[in-house]
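# Coordinate analysis (summary)
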Amino acid sequence: MNLKEDLKAYVDGELTADQVKEIERAAASSEEIRDEIAALRSLKEEFAALTATPEPKGKIALIRRLQVAKPARKPNFMWAYAGAAAALLIGIAIIEPVLSGGGGAAEMATPKTEAAVAREESAKAPSYEDSAESGEMKSKVEGRPSNSFANERDLDPRLGRSQAGSAMPEDADTGVIRSNPRDRVSQATKPAPQLPNLPTNPGRDIIYNGSISLEVPDVTKSVNEAISLVQGLGGYVVSTESTLDGDGTANAYLEVRIPAAKFDIANKSLSKYGKILSQTSSGQDVTQQIAEHEGRTRALAVAEQEYIRMLNATRNTSARLEVRRRLDEVRAEREGLRAALKRMKDLAALSTLSIEFTGEETVKPDEPSANWWDDSNTGASNALGFVGRILGRVAIYLVYLSPIWITGLAVWWFARKRAVK
Amino acid sequence: MLTQMLRRSTAIHLDVESLAEAHYDAIWRFCFRRVGRELAADATQETFLTALRRASSFRGDSDAKTWLFGIALNTCRSLSRKEKRDLPLDEIVELQAQSGTPNLSAMRLTQALKKISPEHQEVVILHEMDGFSYLEIAQMIEIPEGTVKSRLHHAFLALRKHLNSEEDL
């Protein structure tokens, strides 16, 4: 504490109580300090006497002017501008990848955990065909060797198909048009209309093919009932196949052969199992082909008899060999025709029906993942990455657009400064 | 930028019209001591118009009255520079004489005041004639309170020195 410097403050009453006491103690013991205080007080009193001022003027005029000049309180748009600019930048950062076809925003908007991806991949895996591994719903039953139907393609069973299936993917092996039953479940809010029975054509040989896709409450039960139905109608099951969707919905595919006369009965019975998602029926009239085959067979039989007669009548060795060769050719052709005829009649006698059963879509509550800790970590990490990418984009946009916003900011700042002045 | 936005967001609404009603006379006298009778009304008017423009940026760090006198001080400084005028100390002495309470030492005192530095003149007038405390002066001219105390001490030393030397003559 500088005592002399504080004397003026002491006279002005600007010191603390302790400082005042200290000054007073010093003054009590020092005449010099007492004189100094007196001199300062004297000078202060001289200033106090200089208080005379004229009567102020212009108050009323100023009040009126202030009333006129009083600016309307302007709302502060600064935060709104800043918010709009930030929203614009974030919006651009999110939308831009979508517009440029990157699809990044959609990917970022629904970050998937690795575990979730793995679950999806396993759900998409092809259905098992090994009964030992897959159990009841994952078995494949072979009713007849698959090469038994090789000539179905030769006969082109798709000719004359009545409806549907043209846009569906075609199975390269079987020639059967198939589609993902789940797709149809999602598209079909109403059951597909049931087809009328195919007209019966007594006396004609027709190969019938059909397919029916149904949504059923219990796929396993429906498969068993369908097998019983087919066997009861005198038919048999060619193959079965089942799959399990990612959402736990079971699907089953059956290919069955049914006596042609009972094709419509089978279709009608199956349609009662559940909601029809799709249904197709087609027929190929092979009456003419069978008649031609039969005629040709008969002609070959006559030729065979003729060659046998010639063989018996000829003694020349070389002539006998030539006749023998011709006889073998005729017999081979006749046997081939006979087998084709038999297959054609078989196909006409037994229709092919493809049946697809799809389990009803059930909304299951999300089961807690067994690996919830890893899922949470991965999810949090993905979310952090997502936020980081957004912030990064915003920062990049801010840098690139800096000439625009810095100019705008400078204009605003100068305008404001000028207004304040 | 952000600081400015935050400041604006914490601004206190001031009714300048009410301030004018309450402090017009004090501001006029304050301006009179710095720019003289002729310019006092203009300086006062400019003070309140400036206050009206800056009302939205008032943050309440100091008293509204101190803030207003700070504006008046700057207005008077600006006007003095523009009009190239010194402190109207002669006008004050003349007025004192006209008021019927003659102070024999008034002229001597104002003459001594003219001789000290403008910084010392400023704090002396603010404290001794306008009656502001050290804290108010510090806020008004934006210097530390200790500096105000020091300046006043040295200003009085200088004044006494000039007064004593005049007596010796």
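Located above this text is the structure these notes cover.
Residues numbered from 1 in each chain as written. Chains lettered and ligands numbered in written order. Predicted model: local features only at pLDDT ≥ 70, side-chain atom pairs only at ≥ 80, totals over all residues. Heavy atoms only, no water.

### Overview of the overall build of chain B
A count of helical and extended segments in chain B gives 9 helices and 0 strands. Start at the N end of chain B and walk to the C end: the helices and strands fall as α-α-α-α-α-α-α-α-α. Here chain B holds 169 residues, and the buried ones make up 49% of them. Considering only contacts within chain B whose residues lie at least 6 apart along the sequence, 67% involve residues at least 24 apart. A total accessible area of about 8300 Å² is found for chain B, and carbon and sulfur atoms account for 49% of it. (Helix = DSSP H or I, 4+ residues; strand = E, 2+ residues; numbered from the N terminus. Buried < 20%, exposed > 50% of the residue type's maximum accessible area, 1.4 Å probe, protein only. Contact = heavy atoms within 4.5 Å. Areas by Shrake-Rupley, 256 points an atom, 1.4 Å probe, with all protein chains shown as cover.)

### Things to note about the sheet that holds strand β5 (residues 350-359) of chain A
Residue and element names in this part refer to chain A. Strands sit in the order β2-β3-β5-β1-β4 across an open sheet of 5 strands; the sheet is mixed. Only two strands of the sheet have a single partner each, and these edge strands are β2 (236-244) and β4 (275-285). Strand-to-strand twist in this sheet, taken as the mean axis angle between neighbours without regard to direction, amounts to 10°. In the sheet, β2 pairs with strand β3 (residues 250-259) via 8 bridges, with the strands oriented antiparallel. The residue bridging T240 from the neighbouring strand is L254, located in β3. Each of β1 (206-216), β3, β4 and β5 touches helix α12 (residues 263-270); the most contacted strand, β5, lies at about 5° to it. (Pairing = 2+ DSSP bridges. Axes fitted to C-alpha atoms, helices over the stretch in contact; angles between N-to-C directions.)

### A few points about the packing of aromatic side chains
The final tally for this structure, using the stated rule, is 10 aromatic pairs over all chains. Measuring from ring centre to ring centre gives 5.1 Å for W413(A) and F414(A), while their planes differ by 70°; the resulting arrangement is edge-to-face. By relative accessible area, which is 38% here, W413(A) ends up partly exposed. When the centroid spacing of 6.2 Å and the interplanar angle of 15° are considered together, the rings of Y24(B) and F48(B) count as stacked. Linking Y24(B) in helix α2 (residues 16-35) with F48(B) in helix α3 (residues 37-54), this pair joins segments that are 24 residues apart in sequence. You can call F48(B) buried: its relative accessible area is 0%. Put simply, the rings of F30(B), F69(B) and F132(B) touch in pairs and so form one group of aromatic residues. A cation sits over an aromatic face here: R34(B) above F30(B), 3.7 Å from the ring centre. (Phe/Tyr/Trp six-rings, centres within 6.5 Å; stacked < 30°, edge-to-face > 60°. Lys NZ or Arg CZ within 6 Å of the ring centre and 35° of its normal.)

### Observations concerning the pairing of β3(A)
All names here are of chain A. A large share of β3 lies buried, amounting to 9 of its 10 residues. Pairing of β3 with β5, which is carried by 9 bridges, proceeds in the antiparallel orientation. When the sheet's bridge partners are listed, Y253 is paired in β5 with E356.

### A short note on the interface of chain B and chain A
On the chain A side, the residues contacting the 55 residues of chain B number 46 residues. Counting across the interface, chain B meets chain A through 5 salt bridges. Where chain B packs against chain A, one counts 7 residue pairs in polar contact (both at pLDDT 80 or more). If you list the elements that add at least two residues to the side of chain B that touches chain A, you get α1 (2-9), α2, α3, α5 (89-98), α6 (106-115), α7 (118-129) and α9 (145-168) of chain B. Here the element with the most residues in the side of chain B that touches chain A is α9(B); it accounts for 11 residues. A class-by-class count of the residues in the side of chain B that touches chain A yields 26 nonpolar, 14 polar and 15 charged. (Salt bridge = Lys/Arg side-chain N within 4 Å of Asp/Glu carboxyl O. Polar contact = N/O pair within 3.5 Å; in protein donor to acceptor, adjacent residues only side chain to side chain. Nonpolar A, V, L, I, M, F, W, Y, C, P; charged D, E, K, R; others polar.)

### Some words on the nonpolar core
Grouped together as the largest cluster of nonpolar side chains are 72 residues, with contacts concentrated most on F47(A), F48(B), V124(B) and L159(B). Counting residues per element, this core draws most heavily on α2(B), which supplies 10 residues. If near-sequence neighbours (up to four positions away) are discounted, L159(B) is found in contact with L43(A), F47(A), A112(B), L113(B), I116(B) and V124(B). Of all hydrophobic cores here, the second largest spans 25 residues; its members include L233(A), A252(A), L254(A) and I355(A). (Core = buried A, V, L, I, M, F, W, Y, C linked by side-chain atoms within 4.5 Å.)

### Notes on the packing of helix α4 (residues 59-69) of chain A against α2(B)
Between α4(A) and α2(B), the least distance of the axes is 10 Å, while the angle of their chain directions is 170°. The angle between α4(A) and α2(B) places the two elements in the roughly antiparallel class. In this structure, the crossing between α4(A) and α2(B) has a hand that is right-handed. In this structure, α4(A) uses K59(A), L62(A), I63(A), L66(A) and Q67(A) to contact α2(B), whose residues at the interface are V16(B), E17(B), A20(B), E21(B), Y24(B) and D25(B). For the contact of α4(A) with α2(B), the class distribution of residues is 6 nonpolar, 1 polar and 4 charged. (Parallel < 35°, antiparallel > 145°, perpendicular 65-115°, else oblique. Left-handed = near helix turned anticlockwise from the far one by under 90°.)

### Some remarks on the environment of E329(A)
Residue and element names in this part refer to chain A. Here E329 is to be found in helix α14 (residues 317-349). The exposure class assigned to E329 is partly exposed, which follows from its relative accessible area of 44%. Separated by 29 residues in sequence, E329 and L300 have C-alpha atoms that sit 9.9 Å apart.

### Here we look at α4(A)
Listing the buried residues of α4(A) in full gives L62(A), I63(A) and L66(A). The buried residues of α4(A) occupy an angular sector of 100° when the element is viewed end-on, so they sit on one face. Of the residues in α4(A), the exposed ones pointing more than 90 degrees away from the buried face are I60(A), R64(A) and V68(A). Where α4(A) is buried, its residues meet α2 and α3 of chain B. (Arc of directions from axis to C-beta.)

### Let's talk about the packing of helix α1 (residues 3-12) of chain A against helix α3 (residues 31-48) of chain A
All names here are of chain A. Between α1 and α3, the shortest axis-to-axis distance is 10 Å and the interhelical angle comes to 45°. Relative to α3, α1 is oriented oblique. The handedness of the crossing between α1 and α3 is right-handed. On α3, the residues that touch L3, K4, L7, K8, Y10, V11 and D12 of α1 are E32, I33, E36, I37, L40, R41 and K44. Across the contact of α1 with α3, the residue classes tally to 7 nonpolar, no polar and 7 charged.

### Some details on the pattern of salt bridges
Within this structure, the stated rule accounts for 23 salt bridges over all chains. A salt bridge links R108(B) to E46(A); the nearest nitrogen and oxygen atoms lie 4.0 Å apart. Remark: E46(A) occurs in helix α3 and R108(B) occurs in helix α6; the pair is interchain, linking two chains. Ionic pairing is found between E122(B) and R77(B), a salt bridge with its closest N-O pair at 2.8 Å. Of this pair, E122(B) sits in helix α7 while R77(B) is found in helix α4 (residues 64-83), placing the two residues 45 residues apart along the sequence. Exposure remark for E122(B): the relative accessible area of 18% places this residue in the buried category.

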